[in-house]
Amino acid sequence: MAKQLNILINPHPTLRKKSLEISPEELFSKKMKTLLLDMEETMKKKDGAGLAAPQIGENIRIIVVSDENKTIFLINPKITKKSWARKVEDEGCLSVLNEKGEIIYAPISRHKKINCIYLDEKGNKKTLAAENLLARVIQHEIDHLDGILFIDYLKDFPNNPKAS
Ligand SMILES: [Zn+2]
């Protein structure tokens, strides 16, 4: 049975580390299979559109995203193409809460369409063309793998090191 994992909250240092790629040996381990299923369960229970491994305390390059009731597992994902067109929409993150413990939302500009390559949970090389919400979620989750939170794009957010 998949279990719900604890989600790390900003400013936890694990959320700021650059995550490492998964090797084939790691991908086919029992631990990894359990982790993927637990991440899916956690995303669903928290009603999230996606979840990245650093959010559950693992600095490895895995994200799970929800696409119309099905879950896509993206291992070592890389964006290979970004549309010139961008779109601004409100975005939130399960790891970024206000003092009351509520998710905060802010308008963020993202590429409207992206292409990415990744390994699926069976180790197959895949490509995915995504647009709108799915493209946004993938960009948000891949940012997590590089230690980036969506609030970094906001000039005036209190914990933002770029803010004065
Ligand atoms: Zn997030």
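Structure: above.
Chemist: An account of the overall build of the protein is requested, with residue identities and associated values reported.
Modeler: A tally of regular secondary structure across the protein gives three helices and seven strands. Starting at the N terminus and ending at the C terminus, the protein contains elements arranged as α-α-β-β-β-β-β-β-β-α. Relative to the 2.2 N^0.38 estimate, which gives 15 Å for 164 residues, the radius of gyration of the protein is 15 Å and therefore close to what a compact globule would have. Within the protein, the proportion of its 164 residues that are buried is 30%.

Chemist: Go over the environment of A130, please, and point to the residues and values.
Modeler: Inspection of the secondary structure assignment puts A130 in strand β7 (residues 125-131). For the pair A130 and K113, spaced 17 residues apart in the sequence, the C-alpha separation amounts to 5.7 Å. Excluding residues within four positions of it along the chain, A130 makes contact with K113, I114, A135 and I138.

Chemist: Before we move on, can you summarise the environment of L20 with the specific residues and values?
Modeler: Position of L20 among the secondary structure elements: in the segment before α1 (24-27). The class of L20 is partly exposed, set by 14 C-beta atoms lying within 10 Å. For the pair formed by L20 and D146, sequence separation is 126 residues and the distance between their alpha carbons is 9.2 Å. Residue contacts for L20: discarding those within four places in its chain leaves N59, I60 and R61.

Criteria and thresholds
Residues numbered from 1 in each chain as written. Predicted model: local features only at pLDDT ≥ 70, side-chain atom pairs only at ≥ 80, totals over all residues. Helix = DSSP H or I, 4+ residues; strand = E, 2+ residues; numbered from the N terminus. Rg over C-alpha atoms; globule rule 2.2 N^0.38 Å. Buried ≥ 20, exposed ≤ 12 C-beta atoms within 10 Å, placed from the backbone. Contact = placed C-beta atoms within 7 Å.

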